[in-house]
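Given next are the chains, with one letter for each unit.
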Amino acid sequence: NDGWKDIFISNGIRREINNNDYFKRVSKGKITKDSLLEKSLAIPSEKLDNFVFRNNKDLTFDKANEEWGITYKGFSNGSVYVDLDNDGDLEIVTNNIDDYAAIFENTSSNKNNHITLKFKGADKNKFGLGVKATLTANGITQFQEMTLTRGFQSSVAPQLHFGLEKASIVDTLNIRWPDGKEQTLTNIDVNQFLEIDYTQAKTIANVIENKKNTLFSTIKDTAKIVEHKHVENYYDDFLYEILLPHRTSMFGPGIAVGDLNGDKMEDIIIGGAANNQAGVFFQTQNGFEKQNIDDLAKDSGFEDLGILIFDADADGDNDIYVVSGGNEFRLSSEKLQDRLYVNDGEGNFTKSTTALPEMITSGSRAYSADYDNDGDLDLFIGGRLVPGNYPLPANSYILENVSTKGKPEFVDVTKRIAPELEDLGMVTSASWTDFDKDGWLDLIIVGEWMPITILSNNQGIFENVSKKMKIDDTTGWWFSLKEADFDNDGDIDVTATGIYRTSWWENVDASGESWLEHPIGSSYSGVSINTGDISGDGNPDFVSASYSDSTVCWWDLASYSSVGTLESSILDAGNVEEWDSFVSDSQEPAGTSVSFQFRSSHDFSNMGAWSDTVFSPDTLLEGILADSTRYLQYRVILETSDSAITPELSEVSFDCSIQLGIRENPSSLWSLHFLENPSTGFFSALVSVAEDVSVELSLYDVSGRMVAEVSQELPAGTHSVNFTGLAQGVYFCTMRAGDYSATERVVVLK
């Protein structure tokens, strides 16, 4: 009732019908007609609270469930607001699946004023649907339009409710009916139900406004319009990375403006998506003419992200640098190599095959500057992503310009002068600027899941001074960066914008030693992200964490069936062994607790229910699986009730040691499998042979390179062969024994 619209969101679907993990497991099993109901009822389900957000009167909102007493965990579908007790404030009513309806009484009329409008409309519009009401009270103007539908199968009463906070009178109330008739009332008493009668409205003559001078105008001369349509290639990012927060294959096209043919007029180049040609347009006195550049056409298979127009070889004309990127290519694809097109001085461009070092990275943007003060333009190239591996950090580069006139050449000096740029992050924007006024250009970088990073240029060697400047806690989704003297005090300030906040940082003392943040718009609630191969399929998954009420949890990515848990991959004892004992150990931050459950099955696609008992770490469990089941899975539960604690995956460890026993008569089997997959640091290959035989084990990385080989004479039975000293990654192990051969994939994590 303060005159500012709040937001209520009902939150409830009975079953998680978009739970792909559950349906994937179901598809692996046998489905019969008489099992459909059972499987439908087994779709994961979790009761959640609704959401109500208070308007802070500055375009931001704060969650207010507990403060306002609107808490209810269930499955709320329809919801309406309505003044049930006619006391001048709005109650909230929700319809809840498989439960009673809920009513939340509003008592705000005890402290704030209101006015409620009812309408007596024309014969064919009794309720006054479509009426627009504009109200001004105590210097604040509000607007509402009469419409009844609200959300899913819900309708409100045919009246308009205005909260007035402490205003003692409504200064003006303008009513505009759908047919154009209007009426205006003034000096209206508050805290009343006021009926507005259509018959009192009058037709208002149309007012023709004088045409105003504007900063911009639409160009209507079609000859001056650049006729170019971007065509995006089709690639389904979510097919291979189902947990992506957004697509990463559609960050283009890049665009750049500059004089490409030496006629002192600005030309345009627009990048193309993969398998689509970039567009180059030379400006003329009459508009723009499209150009055909053969080498650009030949490279249409590349995805053009950043485009930079600059004089690479100091010969007096502008060349074109194109950053290659995208998520649809293999990690080692040549389509991720950046390109330089050299100008012959007359607007003809040829691709240089010698000017750039090899940089197989999916990039974002290119920025030129003379970082070493030698009189030519060097380059910073931002790495955007690692294809198929969101959100792993990509490599960024500094390229030193060692060109001679007419012969461009750049050298990768990243390791020597700025080693922190390797695996820096998912760079989206950067800026060269001398923020400390020492005569050497510094580098400021932002990105997705990155803090604002400032690299100070110490006479050609870069140092990360973000922590020294106290801006290293700014991790977020940053997408744009710009520097300028925003406060007109003679030094360079920085502004950055992202999904969660937009701020500018004041260079307080002009030296770059002290910075002050000035938030713009909404505030940032704090989000962290961690990665790991959680599903055991060799591809990185991610865990995102944020404050949720008073509980911070480690979220389950396997089935979403239990809050605050993380499931292991399914462990396979193989055909020749059985589970025997389970011992575990854990480390976690103070104020948090760790526990675990397990389950086992003969059927990989149906692991059954979790154990009723919740075990504590440091507990030795022996004889836990007397039925000799082949598959075992455990899940870890991490929870804290202290909202000031935000544990991340890097702070928590859960180690377990699982012992196996040998089944009876194993000698009749041949097999290759791994006890733990994924494993950490090293793994044991369990080899079973039915006779005395020479066994060869070969281990390959994903590029096909052999990284280890073992050859042994083994007697009939089951044997363990250890592989150690392996880097994190995906490997393929091949076993050859007599006429038997097998290949299995194993994942090694840090």
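Residue indices begin from 1 for each chain and proceed along its sequence in written order. Only residues with pLDDT of at least 70 get local features here, since the model is predicted, and only at 80 or more are side-chain atom pairs given and counted; chain-wide, interface and lining totals rely on the full set of residues. The side-chain numbers reported here are obtained from all heavy atoms of the structure, hydrogens and water having been left aside.

**A word on the overall build of the chain**
Stage number 1. Helices and strands together make up the secondary structure of the chain, namely six helices and 54 strands.
Stage number 2. Exposure is judged per residue with a 1.4 Å probe applied to protein chains only, and the accessible area is read against the type maximum: over 50% gives exposed, under 20% gives buried, and values in between give partly exposed. Here the chain, with 750 residues, has 46% of them falling under the buried criterion.
Stage number 3. Computed with the Shrake-Rupley method and a 1.4 Å probe, the accessible areas treat only the protein chains shown as cover for residues. As displayed, the chain has an accessible area near 38,500 Å², and 49% of this comes from carbon and sulfur atoms. We count a stretch as a helix when DSSP gives it H or I for four or more residues in a row; a strand needs E for two or more, and each element gets its number in order from the N terminus.

**Here's the deal with the packing of aromatic side chains**
Stage number 1. Centre distance within 6.5 Å is the pairing criterion for rings of Phe, Tyr and Trp, where only the six-membered ring of Trp is used; planes under 30 degrees apart are then read as stacked, over 60 as edge-to-face, and the remainder as tilted. Taken as a whole, this structure holds twelve aromatic pairs when the rule is applied.
Stage number 2. Seen from their ring centres, Phe-51 and Phe-53 are 6.1 Å apart, and the 5° between their planes marks the pair as stacked.
Stage number 3. Accessibility expressed as a relative area gives 28% for Phe-51, which makes it partly exposed.
Stage number 4. Taken together, the aromatic side chains of Phe-119, Trp-177 and Tyr-198 make up a single cluster linked through ring pairs.
Stage number 5. We call a charge positioned above a ring when the Lys NZ or Arg CZ atom is no farther than 6 Å from the ring centre and deviates by at most 35 degrees from the ring normal. The ring of Phe-302 carries the charged tip of Lys-335 above its face, separated from the ring centre by 5.6 Å.
Stage number 6. Note that Arg-384 overlies the ring of Phe-251, its terminal NZ or CZ placed 4.0 Å from the centroid.

**Considering the confidence of the model for the chain**
Stage number 1. Summing up the model confidence of the chain, the mean pLDDT is 81 and the portion of residues at 70 or higher is 81%.
Stage number 2. For every residue, the predictor states its confidence as a pLDDT score lying anywhere from 0 to 100. Note on definitions: a residue-residue contact is assigned when non-hydrogen atoms from the two residues lie within 4.5 Å. Segment residues 520-535 is flagged for pLDDT under 50; beyond a separation of four residues in sequence, or across chains, it makes 57 contacts in the model.
Stage number 3. Note that pLDDT drops below 50 for residues 539-563; the model gives that stretch 97 contacts with residues more than four away or on any other chain.

**Focus: the sheet that holds strand β20 (residues 287-291)**
Stage number 1. A pair of strands is labelled paired if DSSP reports no fewer than 2 bridges between them. Strand order in the open sheet formed by four strands is β17-β18-β19-β20, and the pairing between neighbours is antiparallel. Strand pairing shows two members of the sheet lacking a second neighbour, β17 (255-258) and β20, which therefore form its edges. Averaged over all neighbouring strand pairs, the angle between strand axes comes to 20°, with direction disregarded.
Stage number 2. Where β17 meets strand β18 (residues 267-270), four bridges bridge the pair, whose relative direction is antiparallel. From the neighbouring strand, Gly-258 faces β18, where its bridge partner is Asp-267. With axes taken as lines fitted to C-alpha atoms, and helix axes fitted only over the stretch in contact, angles between N-to-C directions fall between 0 and 180 degrees.

**Quick notes on the environment of Leu-749**
Stage number 1. If you trace the backbone, Leu-749 turns up in strand β54 (residues 740-749).
Stage number 2. For Leu-749, a relative accessible area of 22% gives the class partly exposed.
Stage number 3. In this structure, the C-alpha to C-alpha distance between Leu-749 and Gln-728, residues 21 residues apart in sequence, is 4.8 Å.

**A word on the pairing of strand β7 (residues 91-96)**
Stage number 1. Most of β7 sits out of view: five of its six residues are buried.
Stage number 2. Of the strand pairs in this sheet, strand β6 (residues 76-82) and β7 are connected by five bridges, and their pairing is antiparallel. Of the residues in β7, the one forming a bridge with Val-80 is Val-93.
Stage number 3. Across three bridges, β7 lies against strand β8 (residues 102-104) in antiparallel orientation. The residue of β8 that forms the bridge with Val-93 is Ile-103.

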